[in-house]
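Next come the chains, spelled out residue by residue.
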Amino acid sequence: MLELKSLKKAYLQGSQKVEIFENLNFHLKEGQRVAIMGKSGSGKSTLLSLISGIIKADEGDITLNSVSYKDLQEGELNDFRATNIGFIFQNFHLVSYLNALENVMLPAKVCNIANAKEKAIDLLKSVGLSHRLDHLPSQLSGGEKQRVAIARALIHNPKIILADEPSGNLDEETGIAVMDKLFELIKQNNTTLILVTHSKDVALRCEKTYELHSGNLNKC
Ligand SMILES: Nc1ncnc2c1ncn2[C@@H]1O[C@H](COP(=O)(O)OP(=O)(O)O)[C@@H](O)[C@H]1O
Ligand SMILES: [Mg+2]
């Protein structure tokens with residue numbers, strides 16, 4: 001369902017060109033859950049940004065659900081991302097002036113989702129936050145914020161979830177509880193998952209773990 005073909009990506013840092021990927025190939029089947037580990041600066045976030053289409057590869061192509069990113073115009077790619085991909089970030093990325101319910105409903109404004117409010121309430125209930133619907137992010141704990149972010153990532157039933165160190169800012173116990181919820185929900189929906197993590201315990205929840213090193217994904 002996801003294929004990366006001969007991906008090439010470099011950044012310009014001043015006048016210096018920094019190669020992140022020279023020839024990256026990778027594929028995932030629907031419903032697969034994989035962890036990606038690797039040192040800071042190895043390119044994990046860049047990889048997720050490429051898969052999400054937020055940044056473009058210099059060469060090569062990405063195909064998700066039989067759609068080649070090369071065939072999509074900018075606007076089409078934005079719509080494709082909004083419909084097919086869910087994100088969870090280390091720093092939650094909630095909108096500070098929207099309450100928990102409104103944050104979860106945000107993707108529904110881009111995709112046409114029937115009964116978005118009911119769905120958002122159900123999801124917040126399933127992550128144990130039915131008593132926090134009208135709380136602003138500043139009124140929530142780290143674990144609660146990440147559970148709101150998980151609900152938001154799932155409201156549009158994305159084909160794939162990209163999670164960038166989702167438990168990186170949480171204490172161990174809270175991180176475990178948040179990961180339990182994430183895995184429970186994605187297993188129910190057979191959602192594909194790419195999970196970037198520094199934790200071996202978190203990685204062990206996935207079917208496979210890869211290490212990103214020198215621009216290559218090696219199976220651990
Ligand atoms: N927009 C950018 N411009 C220039 N260099 C960047 C940019 N984004 C990331 N980098 C560099 O690319 C490398 C990989 O970054 P990143 O993908 O964030 O790594 P990771 O998530 O594994 O820590 C780092 O050396 C980083 O400094
Ligand atoms: Mg990163």
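The rules we used
- Residues numbered from 1 in each chain as written.
- Chains lettered and ligands numbered in written order.
- Predicted model: local features only at pLDDT ≥ 70, side-chain atom pairs only at ≥ 80, totals over all residues.
- Heavy atoms only, no water.
- Helix = DSSP H or I, 4+ residues; strand = E, 2+ residues; numbered from the N terminus.
- Buried < 20%, exposed > 50% of the residue type's maximum accessible area, 1.4 Å probe, protein only.
- Lys, Arg positive; Asp, Glu negative; His and termini not counted.
- Salt bridge = Lys/Arg side-chain N within 4 Å of Asp/Glu carboxyl O.
- Contact = heavy atoms within 4.5 Å.
- Near = heavy atom within 4 Å.
- Polar contact = N/O pair within 3.5 Å; in protein donor to acceptor, adjacent residues only side chain to side chain.

For the protein, the name recorded in an unreviewed UniProt entry is ATP-binding cassette domain-containing protein, with Poseidonibacter ostreae as its organism.

Along the chain, the position of Arg81 falls in helix H2 (residues 74–84). It is Glu74 that comes nearest to the buried, bridge-free Arg81 among opposite-charge side chains, at 6.2 Å. Contact partners of Arg81, with chain neighbours within four places excluded, come to Ser52, Gly53, Ile54 and Phe87.

Lining the immediate surroundings of ligand 1 are Tyr11, Gln13, Ile20, Lys39, Ser40, Gly41, Ser42, Gly43, Lys44, Ser45 and Thr46. Backbone polar atom of Gly41 to an oxygen atom of ligand 1: 2.7 Å apart, as the coordinates give it. At 3.3 Å, a backbone N or O of Ser42 approaches an oxygen atom of ligand 1. Those elements that place two or more of their residues in the shell around ligand 1 are strand E1 (2–13) and helix H1 (44–52). Looking at the shell around ligand 1, the element that brings in the most residues is H1, giving three residues.

The next point concerns the environment of His198. Here His198 shows up in the loop between strand E8 (192–196) and helix H7 (200–203). Expressed as a C-alpha distance, the spacing of His198 and Leu182, which sit 16 residues apart in the sequence, is 17 Å. With residues up to four places along the chain from it excluded, the contact list for His198 reads Met37, Gly38, Ser40, Lys44 and Glu165. Only 3.4 Å separates the side chain of His198 from the side chain of Glu165, close enough to count as a polar contact.

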